[in-house]
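# A closer look at the structure
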Amino acid sequence: KTKTPSLKKVLLFGFALSVLGLVYYFSPSLISIVFGIISLFGIFLSTEALKTELGIESKLSQSFCNAIPNADCGQVITSNKSIWLEKFKISDISIWFFSAQLFALLLFSVAGFIEVFFNYMLVCVALSIPMTLYSVYFQYKIEKKWCPICLSIIALVYLQLILLLFNFSSFYNFKYLSLFIFSFSLIAFSVYLIKPILLNLKNLKEENIKNLRFKRNYTIFKNNLVKEEQQFFSHENIILGCPTARLRISIVTSPFCGYCKEAHEILHEILLKNNKNLSVSVRFNYDENIDEKSKILYFKLIEIKEEKGDLEFSNALHFWFENKNMVQWLLKYGEPRKNEQINEKLKIIGREN
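Residues numbered from 1 in each chain as written. Predicted model: local features only at pLDDT ≥ 70, side-chain atom pairs only at ≥ 80, totals over all residues. Heavy atoms only, no water.

Over its 39 residues, helix 9 (residues 177-215) runs 57 Å from end to end, which matches the ideal 57 Å to within 8%, given 1.5 Å per residue. Buried within helix 9 are the following residues: Phe180, Ser183, Phe184, Ile187, Val191 and Lys195. Structurally, helix 9 contributes buried residues whose contacts are with helix 2 (30-54), helix 6 (90-111) and helix 7 (114-142). (Helix = DSSP H or I, 4+ residues; strand = E, 2+ residues; numbered from the N terminus. Expected span 1.5 Å × (residues − 1). Buried < 20%, exposed > 50% of the residue type's maximum accessible area, 1.4 Å probe, protein only. Contact = heavy atoms within 4.5 Å.)

What follows covers the environment of Leu107. Along the chain, Leu107 turns up in helix 6. Given a relative accessible area of 26%, Leu107 falls into the partly exposed group. Note: C-alpha distance between Leu107 and Phe26 (81 residues apart in sequence) is 9.9 Å. When neighbours within four sequence positions are excluded, Leu107 is seen to be in contact with Leu179 and Ser183.

Bringing helix 8 (residues 148-166) into the picture now. Look at helix 8: 27 Å from first C-alpha to last across 19 residues, which is about the 27 Å you get at 1.5 Å a residue. Burial in helix 8 covers these residues: Pro148, Ile149, Cys150, Ser152, Ile153, Ile154, Leu156, Val157, Gln160, Leu161, Leu163 and Leu164. Buried-residue contacts for helix 8 involve helix 2, helix 3 (59-65), helix 4 (73-77), helix 6 and helix 7.

In this section: the packing of helix 6 against helix 7. Taken N-terminus to C-terminus, the directions of helix 6 and helix 7 make an angle of 170 degrees; their axes are 9 Å apart at the nearest point. As judged from the angle between their axes, helix 6 and helix 7 are roughly antiparallel. For the pair helix 6 and helix 7, the contacting residues are Ile93, Phe97, Gln101, Ala104, Leu105, Phe108 and Ser109 in the first and Ile114, Val116, Phe117, Met121, Cys124, Val125, Ser128 and Met131 in the second. (Axes fitted to C-alpha atoms, helices over the stretch in contact; angles between N-to-C directions. Parallel < 35°, antiparallel > 145°, perpendicular 65-115°, else oblique.)

Attention now moves to the sheet that holds strand 1 (residues 238-241). Sheet architecture is open: three strands sit in the order 1-3-2, paired in mixed fashion. If you trace the sheet from one side to the other, it starts and ends with strand 1 and strand 2 (247-253), each paired once. Sheet twist, expressed as the average angle between the axes of neighbouring strands with direction ignored, equals 25 degrees. By the bridge criterion, seven bridges tie strand 2 to strand 3 (residues 278-284) in an arrangement that is parallel. Note on strand 3: the bridge partner recorded for Leu247 is Leu278. Lying over the sheet, helix 12 (residues 292-308) contacts strand 1 and strand 3, oriented at roughly 45 degrees with respect to strand 1. (Pairing = 2+ DSSP bridges.)

Quick look at the side chain of Thr132 now. One can find Thr132 in helix 7. Of the residues examined, Thr132 reaches a relative accessible area of 7% and is grouped as buried. A distance of 3.0 Å separates a polar atom in the side chain of Thr132 from a polar atom in the side chain of Tyr158. Not counting residues up to four positions away in its chain, the partners in contact with Thr132 are Ile154, Val157 and Tyr158. (Polar contact = N/O pair within 3.5 Å; in protein donor to acceptor, adjacent residues only side chain to side chain.)

Inspection of every chain in the model, using the stated rule, returns 23 aromatic pairs. Centroid distance Phe117 to Phe180: 6.2 Å. Interplanar angle 50 degrees. Geometry classified as tilted. A residue pair is termed long-range when its members are at least 10 positions apart, and Phe117 in helix 7 and Phe180 in helix 9 qualify at 63 residues. Of the two residues examined, Phe117 and Phe180, each falls in the buried class. Put simply, the rings of Phe35, Trp96, Phe97, Phe98, Phe108, Phe117, Phe118, Tyr120, Phe180 and Phe184 touch in pairs and so form one group of aromatic residues. In this structure, Arg283 is placed above the aromatic ring of Phe233, and the distance from its NZ or CZ to the ring centre is 3.6 Å. Positioned above the aromatic ring of Phe319, the side-chain terminus of Lys332 is 4.2 Å from the ring centre. (Phe/Tyr/Trp six-rings, centres within 6.5 Å; stacked < 30°, edge-to-face > 60°. Lys NZ or Arg CZ within 6 Å of the ring centre and 35° of its normal.)

Laid out in structure tokens, this is it:
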């Protein structure tokens, strides 16, 4: 089946077009658009690098990282063989670098000083060249593995350098240097704050998977079930299905519990399909100190079960959960008559619960 693009992808694509549209609107030049597109590609590749670092599987990054022989993006990106890589990961630096570029490009386009931006940007890109050379050396000599994502990011940096060299002018405005520094500092601060949150979410997800594997381990459940002493109720009040069935489900519930509605709906479906091979014990969480109006609902439900059977009881309980209107419910089913007898039965059930 043809997959429709997800809302997230559509929104991201729309956001990218909006940024480029604003840049072109305020500074209508081809170099501005080309530079913005390169920055967007850089952000995209940096995000893929971050996914690889966090262990999030991506079909795109997998196919990309297997494009050349002797490649292992995960090994290079998560490597701790270099001292500075222990604190500053490749994904962090590249996300900061390209996101700050795009943010500063938008600010300077709106301000009408796009030439100043390109001059400052040329200095930044030139300063990043030694880092790109070290990255290639690190992959070739130290890690002995290639990272196609990293190499593509490096290629984008050199592409930006060439673009900026062909559009270099000697015009500088130091008044806007503070705006340029602010742009890069703001994005750096944002990355610094968001990265730990992403790491915590990743760790929580991994722990949750481990916990679910433990919880859903049938062997552990069965061993504990056999080991523990079995407990059974001595008194029953409402038995639905076949009372002599070997399999019995006991549910302690209350008509005033909003979360119990779904459980009753599931039990109703089970009974419709297996009423001859299954019994369900519905045990109300009854408290003799509750108000009189609530007692009336309990009394009438049990009276309906005793006089009209399983189906009517189930329908009456379903009608209550759907509406939860005492006046409307009593108009349909009437007032209870056997209050004293039912009250004594419910007291025993409540105490046993």
